[in-house]
Amino acid sequence: RLLSSLEKAGLVAHRVDKRYALGPLAFVFGRSFEQINGLQEAIGPQLTWLVDQGTESPSFHVRHDSENRLCLMRIDSNHSTLDRIRPGDLLPLSRGAAGKVLTAFSEGLVAPQLQSTDLLFTSFGERDPLCGAIAAPVFGPSSLLVGALSVSGPLDRFSELAVARMKSLMLKAAQKATENLGGKCPRLYQKDSQQAG
């Protein structure tokens, strides 16, 4: 009965193989979500900027439920080999750099006690034994966590020098994304991004 109502509303469609799939109304909801939250305009340019700086592939993740995170945005890097993450993918919250960010800041931010090492999270072969990642939080108004900005790629490209460079770029990109969303940037974001510039 419920599926029949959802089908009439256009939220689901009944396929020839007797299964149900999302209907056209789901697309409308998705577009409305983007327009209301302004995430694409605030974060999309930072993903492009990171690629232009030669980082690994950037993405943006939000908490989906108590066990999973959802990749909302992703741009492939200019490298010839890539990890396989796409918008819409559900990934474990308990593994990976972005999952660590979403778990660590789920209750919000207490800025005065934070140091730069508290904002950057790494993952080397946790979710995928052949991949590495670096992530930082993006905050909205009242220092509430919006999501996690991350870069990820093949583990063999995460040398000590590459990691140090990408960490600096991640702080700068996360600061700009936070500002674009009307969030408050911790003082250490501003300090670290000045040093990075």
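My aim in this report is to walk through the structure given alongside it, one point at a time.

Concerning the overall build of the protein
Line of reasoning, step 1. Helix and strand counts for the protein come out as seven helices and eight strands.
Line of reasoning, step 2. Counting the 197 residues in the protein, one finds 41% classified as buried.
Line of reasoning, step 3. Here the contacts in the protein between residues at least 6 apart in sequence split such that 55% fall between residues at least 24 apart.
Line of reasoning, step 4. With an accessible surface of roughly 10,900 Å², the protein has 53% of that area assigned to carbon and sulfur atoms.

Section: the nonpolar core
Line of reasoning, step 1. Counting residues in each nonpolar core, the largest one holds 36 residues, and the members touching the most others are Ile 43, Leu 50, Phe 60, Ile 134, Val 138, Leu 149 and Met 170.
Line of reasoning, step 2. Listed by contribution, the elements that provide at least two residues to this core are helix H3 (39-52), strand S3 (57-63), helix H4 (97-104), strand S7 (131-139), strand S8 (145-154) and helix H6 (160-180).
Line of reasoning, step 3. At eight residues, H6 tops the list of elements feeding residues into this core.
Line of reasoning, step 4. If we skip the residues at most four places from it in the chain, Leu 50 touches Thr 55, Pro 58, Leu 149, Val 151, Leu 169, Met 170 and Ala 173.

Quick notes on the environment of Gly 140
Line of reasoning, step 1. Within the secondary structure, Gly 140 is located in the loop between S7 and S8.
Line of reasoning, step 2. Its relative accessible area of 3% is what places Gly 140 among the buried residues.
Line of reasoning, step 3. When the C-alpha positions of Gly 140 and Gly 182 are compared, they lie 5.9 Å apart, and in sequence the two are 42 residues distant.
Line of reasoning, step 4. Gly 140 has contacts with Val 146, Gly 182, Gly 183 and Lys 184, leaving out every residue within four places of it along the chain.

Section: the pattern of salt bridges
Oppositely charged side chains can form a pair if their charged atoms are brought close together.
Line of reasoning, step 1. In the structure shown here, the tally under the stated rule is five salt bridges.
Line of reasoning, step 2. Within the structure, one salt-bridge network assembled from shared partners comprises Arg 74, Asp 76, Asp 83 and Arg 86.

Things to note about the pairing of strand S6 (residues 121-124)
Line of reasoning, step 1. Judged by which residues are buried, S6 turns out to be one-sided: Phe 121 and Ser 123 face inward and are buried, whereas Thr 122 and Phe 124, on the alternate face, are not.
Line of reasoning, step 2. With four bridges joining them, S6 and S7 adopt antiparallel strand pairing. Bridging from a neighbouring strand, Phe 121 pairs with Ala 135 of S7.
Line of reasoning, step 3. Linking S6 to S7, which pair antiparallel, is a turn of six residues; within it Gly 125 sits at a positive phi near 75°.

A few points about H3
Line of reasoning, step 1. With 14 residues, H3 should reach 20 Å at 1.5 Å per residue; the first-to-last C-alpha distance of 20 Å fits that figure.
Line of reasoning, step 2. Among all positions of H3, only Leu 39, Ala 42, Ile 43, Gly 44, Gln 46, Leu 47, Leu 50 and Val 51 are buried.
Line of reasoning, step 3. Downstream of H3 by one or two residues, Gly 54 has phi in the positive range, about 85°.

Observations concerning the environment of Leu 145
Line of reasoning, step 1. Of note, Leu 145 is situated in strand S8.
Line of reasoning, step 2. Each C-alpha atom, one on Leu 145 and one on Val 62, is 9.1 Å from the other, the two residues being 83 residues apart in sequence.
Line of reasoning, step 3. If we skip the residues at most four places from it in the chain, Leu 145 touches Val 101, Leu 102, Phe 105, Ser 106, Pro 137, Val 138 and Phe 139.

Section: the packing of H3 against H6
Line of reasoning, step 1. Their axes nearest at 8 Å, the elements H3 and H6 cross at an angle of 160°. By the criterion of interaxial angle, the relationship of H3 to H6 is roughly antiparallel. Between H3 and H6 lies a crossing whose hand is right-handed. Two secondary-structure elements touch here, H3 through Ala 42, Ile 43, Gln 46, Trp 49 and Leu 50 and H6 through Leu 169, Met 170, Lys 172, Ala 173, Lys 176, Ala 177 and Asn 180.
Line of reasoning, step 2. Per-class residue counts for the contact of H3 with H6 are eight nonpolar, two polar and two charged.

Rules used in this analysis
Residues numbered from 1 in each chain as written. Predicted model: local features only at pLDDT ≥ 70, side-chain atom pairs only at ≥ 80, totals over all residues. Heavy atoms only, no water. Helix = DSSP H or I, 4+ residues; strand = E, 2+ residues; numbered from the N terminus. Buried < 20%, exposed > 50% of the residue type's maximum accessible area, 1.4 Å probe, protein only. Contact = heavy atoms within 4.5 Å. Areas by Shrake-Rupley, 256 points an atom, 1.4 Å probe, with all protein chains shown as cover. Core = buried A, V, L, I, M, F, W, Y, C linked by side-chain atoms within 4.5 Å. Salt bridge = Lys/Arg side-chain N within 4 Å of Asp/Glu carboxyl O. Pairing = 2+ DSSP bridges. Expected span 1.5 Å × (residues − 1). Axes fitted to C-alpha atoms, helices over the stretch in contact; angles between N-to-C directions. Parallel < 35°, antiparallel > 145°, perpendicular 65-115°, else oblique. Left-handed = near helix turned anticlockwise from the far one by under 90°. Nonpolar A, V, L, I, M, F, W, Y, C, P; charged D, E, K, R; others polar.

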